[in-house]
Amino acid sequence: MTAADRIALSEPLLGGNELAYLRECVESNFVSSAGPFVNDFEIKFAERVHSRHAVACASGTAALHVAMRIAGAGPGKLIAVSDFTFIASANAVSYTGADLLLVDSEQQTWNMNTELLYDDVCRRARLGRRIPDIVEVVHVLGHPADIEPLFELRSRFGIRLIEDAAEAHGARWRAGMVEGCQVGTVGDLGCFSFNGNKLITSGSGGMVVSNDAAAARRTRHLVNQAKSSEHGYVHDEIGYNYRMSNIAAAVGLAQLEQLDSFLLRKRTMAEQYDRLLASAPLRRPPRANWASPSHWLYSVLLRGQNNRVADVVHELNERGIQGRRLWPPLHRQRPYESCERLGGVVAEDLYQNGLSLPSSLGITSEEQGRVVTRLCNVLAHDGPQQKHAPESETQP
Ligand SMILES: *Cc1c(COP(=O)(O)O)cnc(C)c1O
């Protein structure tokens, strides 16, 4: 097998104005945080997602951290977070010193079970127990979460709402109170990532969006070391060096110009996998009829396979297919194992049976065919039932 035969999990596609804009950065000498691309990227991103304001940051994690600060997270506060997510969602909370309440997923979309949280908050309020100050809801794998119960929590209890839309650029709701809205724009603040494996990339980067001018102003302040005047080194609180560079914004802007065509490619990829996998012993990814997802990573749950997911992923990788298991729930990660939590069985099932298939923007239907053929071969053959060693130790 040559490197060219390998099918990667998620590679960026850099076929637009990236090189031309990078050339402009070099030729104009604007390579750092001053320069026109940052401003341009922010304005165009805000327009694209229909938010009033957008502030570019160094990463999605930085965006979440600042959003947490703006929403008031800190020592003594309680933040409800999706149990099933990439660990950055939780780390951004922990940086502030706040406590976490981990909320299980629901079956339909794999996102936070917002009904479960709603009922629990009402019960806590009745019993006079501490209720969350903020909910951070993740649009997992690019599928919009069922968000309406969180609006109810906001209006009844004043709980603030932060959306982690790191994987969900351009995803929308298609029904209900938020019909037509894009994810990231209906909470108090929304956060996106432009890491290399996300739908669009700036190399590394993130964005905070908000319709609240004061929140956006304060975000800009905090990402720029809380500098209080244009001239001189005067700072009125402890901020961060979280600005995006002009180089990153140049790439991000060029990628943003292609977002619509990328979303179309992803949808075509997902539909092709749906067809190819129609009779495989697995559950295909969620697609609620009220949602228009970004189809970030096409992920499936094995069914009737006896917890073989580690073996299946390993065997795929041996055959040049870069599959990857889904995240262990936060409650299984060392730093978060003693957090308070609601449920956890669904998140556990997602981890025990879930894997993502190669989902690069440039994947061809021939490559998808090869992925599915190899996956079905692996599933058909029972495989050794012995306990699996860590992947790095099982390379031939
Ligand atoms: C990628 C990701 C982040 C973090 O973004 P970075 O740009 O890598 O810092 C946060 N939350 C989720 C759900 C993500 O997938």
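Residues numbered from 1 in each chain as written. Predicted model: local features only at pLDDT ≥ 70, side-chain atom pairs only at ≥ 80, totals over all residues. Heavy atoms only, no water.

This part takes up the sheet that holds strand β9 (residues 282-283). Read from one edge of the open sheet, four strands run β9-β11-β14-β12, paired in antiparallel fashion. Sheet topology places β9 and β12 (324-325) at the edges, where each strand pairs with a single neighbour. Sheet topology places strand β11 (residues 299-302) next to strand β14 (residues 354-356); three bridges connect them, and they run antiparallel. Along β14, the bridge assignment pairs Leu301 with Gly354. (Pairing = 2+ DSSP bridges. Helix = DSSP H or I, 4+ residues; strand = E, 2+ residues; numbered from the N terminus.)

Our next topic: the packing of aromatic side chains. According to the stated counting rule, one finds eight aromatic pairs in the structure shown. Each ring, one from Phe41 and one from Phe45, has its centre 6.2 Å from the other, and the planes form 75°; the classification is edge-to-face. Of this pair, Phe41 and Phe45 both sit in helix α2 (residues 36-49), four residues apart, which is roughly one turn of the helix. For Phe41, a relative accessible area of 0% gives the class buried. Here a set of aromatic residues connected by ring pairs shows up, and it is made of Phe41, Phe45, Phe192 and Phe194. The aromatic ring of Tyr351 is capped on one face by Arg325, whose charged end is 4.1 Å from the ring centroid. (Phe/Tyr/Trp six-rings, centres within 6.5 Å; stacked < 30°, edge-to-face > 60°. Buried < 20%, exposed > 50% of the residue type's maximum accessible area, 1.4 Å probe, protein only. Lys NZ or Arg CZ within 6 Å of the ring centre and 35° of its normal.)

Next up on the list: the UniProt feature "modified residue: N6-(pyridoxal phosphate)lysine" (unreviewed entry) in the protein. Mapped onto this numbering, the UniProt entry gives "modified residue: N6-(pyridoxal phosphate)lysine" (unreviewed entry) at Lys198. As for its placement among the helices and strands, Lys198 is situated in the loop between β7 (189-193) and β8 (206-210). On the basis of relative accessibility, which here comes to 12%, the residue Lys198 falls in the buried class. If sequence neighbours within four positions are ignored, Lys198 has contacts with Ala166, Glu167, His169, Ser193 and Trp296. (UniProt positions renumbered as here; feature names shortened; annotations may be inferred. Contact = heavy atoms within 4.5 Å.)

This part takes up the site of the ligand. If you check the shell around the ligand, you find 16 residues, and the closest are Gly60, Thr61, Glu167, Ser193 and Lys198. One of the side-chain nitrogen or oxygen atoms of Asp164 is found 2.8 Å away from a nitrogen atom of the ligand. Ser193 is positioned with one of its side-chain polar atoms (N or O) 2.7 Å from an oxygen atom of the ligand. Among the secondary structure elements, those contributing two or more residues to the shell around the ligand are α3 (60-71) and α4 (88-94). The leading source of residues in the shell around the ligand is α3, at three residues. Class assignment for the residues of the shell around the ligand results in five nonpolar, eight polar and three charged. (Near = heavy atom within 4 Å. Polar contact = N/O pair within 3.5 Å; in protein donor to acceptor, adjacent residues only side chain to side chain. Nonpolar A, V, L, I, M, F, W, Y, C, P; charged D, E, K, R; others polar.)

Moving on to helix α9 (residues 259-276). The terminal C-alpha atoms of α9 lie 26 Å apart, and with 18 residues this matches the ideal 26 Å at 1.5 Å per residue to within 8%. When we look at burial in α9, the residues that qualify are Leu259, Phe262, Leu263, Lys266, Met269, Ala270, Gln272, Tyr273 and Asp274. (Expected span 1.5 Å × (residues − 1).)

Moving on, we get to unusual backbone geometry. Phi angles above zero are rare outside glycine, and Gln225 is one such case at about 60°. Considering the arrangement of structural elements, one finds Gln225 in the loop between α7 (213-223) and α8 (246-256). Note on Gln225: relative accessible area 35%, which makes it partly exposed. Despite not being glycine, His295 shows a phi value in the positive range, around 55°. Residue His295 is classed as buried on the basis of its relative accessible area of 11%.

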